[in-house]
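# Examining the three-dimensional arrangement
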Amino acid sequence: MRISASLARIIGIANVVVVTVAIIGLGLMPSEGRPHARSPLGAEVQNSVAPPTLTPVGEPPGVVATPEFARQVSANELGLVPVMMYHRIVTKPLASIDRTPDQLRKELERLAERGYVPITAREFATGDIQVPAGKFPVVLTFDDGHPSHFALGVDGNPVPGTAVAVIQEVAGKYPSFRPVATFWINKEPFGLRDHASQATAVRWLVDHGHEVANHTWGHRNLRALKRKKVHEQIVRLERLLEKLGVPSSRTMALPYGTLPRGKKAARTGSWDGTRYDFAGVFLAGAEPSVSPYAKNFDRGAIQRIQSNGKRGECRTWCSQHWLEWLDRHPGERYVSDGDPARISIPEELRGNIGAKRGLQVIAY
Ligand SMILES: [Zn+2]
C-alpha cells in the first residue's frame, strides 16, 4: 500500500470538490437526485479463453469533423476525463486500495460497455487523444510497478490475473477497447531485480502500446525532500528507463500524490547533468480530470480517481461514484469528435479553451 497522511488532505479536497460539482450539477441537471437507470453488468467473462487480441494502438479514427458532425455526436472535447488509479491487483486484498483481478475486469468491462476507450497518460497530457467519434477517453494508470501488474509467463505472454492480462482479455471481448495503460514504476519495476528481466518487461510493455514512466526512484514523500533531492529521485528513474532501452518519461505520478514544496520541481528540472520536462504530473485523487485543452488544465497537478466501490470514504470520491456521476451528467464528460486535428466543443464553452492550442476549434 502506498497511502500516507496526505490521504486525509485528499479526502478533504475531494469533499469540497464533490460538493462544488454537485451544486453545479444541480443547477444544470434537474434529474440530479433521480436514481440512474443503468443495468448491472452483463455476462461474466469466461476464464482467460480469449487470446491476447491486440487492436491496433494509436490508429487515427480517420474522421474530419464539421460543426454538423460534432453536434450529431455531441462532441465535447473540453469535458471531464476519468484517469483511473490502480495499485495492487491481488486475489486476496490486504489494503483498501487493493483490487482483485475480477474487480478490475468488471470495471474495465463496464467502461468498455459505456463507450470508454483507453488512452495512455502521455497521450492524455500531450493532447494526443485519438478516440472514435462519440466515444469517451479513459486513462488506466497503475502505480508502483507491482508484480501483479505485469509478469511474462514461460510462453512469452502476460501471466493470467495480472493487470496486463486482464486488460487484454477485456480487449479481446470488446474490440473497441484499446489495450493500453500507463505503468508508473520505481527502481525495481514489477519486482524484477536483474537488468535483463527488467529490460524484457518494460520493452514488452512499450512494444505493445503501453506507457512505462516515472514514479521516482525510491518512492519517497517529495514534500519532505530538498529540491535537489527531488530532482535526484526523478532523474535516477529516468536513467534506469534509458538503461532499459525505453523512451524517457513524458509523465510522472507523485508518490503518495504529494507535491514537493516547490511544485514545479516535480514537472521540470535537472540533476547531475540530466534534464526532465514532463507533459503531465499526476496526483492521487480524487475527481475526473479537466480536458488537456481546457484553459484551467494544470499539467503540474492532474487529478485521478481511485478505483474502488462506494463504501465509507469512497462513497463520494472513488471510481464507482464518479463513473455513475459521469453517466448521470453526460454533458460534463469528454466526448470525442473522432478528429485528432480538431477540438470540437459546444459554442457556450468557447471561452474555456486553452490559449496555446494551435489546433482548429470547432464550436457548434
Ligand atoms: Zn506509489
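Residues numbered from 1 in each chain as written. Predicted model: local features only at pLDDT ≥ 70, side-chain atom pairs only at ≥ 80, totals over all residues.

Quick look at the overall build of the chain now. Tallying secondary structure elements over the chain gives 8 helices and 12 strands in all. Residues classed as buried in the chain amount to 45% of the 364 residues present. Looking at the chain alone, contacts between residues at least 24 apart form 70% of all its contacts between residues at least 6 apart. (Helix = DSSP H or I, 4+ residues; strand = E, 2+ residues; numbered from the N terminus. Buried ≥ 20, exposed ≤ 12 C-beta atoms within 10 Å, placed from the backbone. Contact = placed C-beta atoms within 7 Å.)

Attention shifts here to unusual backbone geometry. Cis geometry marks the peptide bond from G285 to A286, where omega comes out at 0 degrees. Tracing the sequence through the fold places A286 in the loop between β9 (280-282) and β10 (305-306). The backbone phi angle of T216 is positive, close to 75 degrees, even though this residue is not glycine. When you line up the elements, T216 lands in the loop between β5 (211-214) and α7 (227-244).

This part is about the nonpolar core. In this structure, V83, V139, A163 and L254 are the most contacted members of the largest nonpolar core, which totals 87 residues. Here this core gets 7 residues from one element, more than from any other, and that element is helix α5 (residues 163-173). Setting aside residues up to four positions removed in sequence, A163 forms contacts with Y86, I89, L104, F142, S148, H149 and F150. (Core = buried A, V, L, I, M, F, W, Y, C linked by C-beta atoms within 7 Å.)

So, about the pairing of strand β8 (residues 274-277). The sheet contact formed by strand β7 (residues 268-271) and β8 spans 4 bridges and is antiparallel. Bridging from a neighbouring strand, G269 pairs with Y276 of β8. What sits between β7 and β8 in their antiparallel hairpin is a turn of 2 residues, with D272 showing a positive phi close to 50 degrees. (Pairing = 2+ DSSP bridges.)

Residue placement: V166 occurs in helix α5. A tally of 27 C-beta atoms within 10 Å means that V166 is categorised as buried. Sequence separation between V166 and K106 is 60 residues, and the spatial gap between their C-alpha atoms is 9.8 Å. The residues touching V166, leaving out its near neighbours within four places in the chain, are P101, L104, R105 and L108.

Attention now goes to helix α3 (residues 101-114). Across its 14 residues, α3 extends 20 Å between first and last C-alpha, which sits within 8% of the 20 Å expected from 1.5 Å per residue. Looking at α3, one finds that the buried residues are L104, R105, E107, L108, E109, L111 and A112. Where α3 is buried, its residues touch β1 (83-86), β2 (116-119), β3 (136-143), α5 and α8 (319-328). Positive backbone phi, at 105 degrees, marks G115, one or two positions downstream of α3. (Expected span 1.5 Å × (residues − 1).)

Of all residues in the chain, 82% attain a pLDDT of 70 or more, and the chain-wide mean is 86. In the predicted structure, residues 1-56 sits below a pLDDT of 50 and forms 65 contacts with residues beyond four places in sequence or in another chain. (pLDDT = per-residue confidence, 0-100.)

Moving on to the pairing of β2. Burial of the side chains of β2 extends over both faces: Y116 and P118 are buried on one face and V117 and I119 on the other. Looking at chain direction, β2 and β3 are connected through 4 bridges and run parallel. By the bridge assignment for β3, P118 is matched with V138.

In this model helix α6 (residues 195-207) runs 18 Å from its N-terminal to its C-terminal C-alpha over 13 residues, within 8% of the 18 Å that 1.5 Å per residue would give. Within the span of α6, buried status applies to Q198, A201, V202 and L205. Within α6, the buried residues cover an arc of 85 degrees as seen down the axis, which keeps them to one side. In α6, the exposed positions that point more than 90 degrees away from the buried face belong to A196 and D207. Considering only its buried residues, α6 is in contact with β4 (182-185), β5 and α7. (Arc of directions from axis to C-beta.)

A separate point is the environment of A363. Looking at where A363 falls in the secondary structure, it is placed in strand β12 (residues 360-363). Note on A363: 14 C-beta atoms within 10 Å, which makes it partly exposed. Expressed as a C-alpha distance, the spacing of A363 and I345, which sit 18 residues apart in the sequence, is 4.9 Å. Residues contacting A363, with those up to four places away along its chain left out, are I345, E347 and R350.

In this section: the packing of α3 against α5. For the pair α3 and α5, the least separation of the axes is 10 Å and the interaxial angle reads 35 degrees. Judged by the twist between their axes, the crossing of α3 over α5 is right-handed. Of the residues in α5, those touching α3 at P101, L104, R105, L108, E109 and A112 are A163, V166, I167, E169 and V170. Within the contact of α3 with α5, the residues separate by chemical class into 8 nonpolar, no polar and 3 charged. (Axes fitted to C-alpha atoms, helices over the stretch in contact; angles between N-to-C directions. Left-handed = near helix turned anticlockwise from the far one by under 90°. Nonpolar A, V, L, I, M, F, W, Y, C, P; charged D, E, K, R; others polar.)

Turning our eyes to something else, we now look at the environment of H231. Mapping H231 onto the fold places it in helix α7. Apart from the residues lying within four places of it in its own chain, the contact partners of H231 are A265, G269, S270 and W271.

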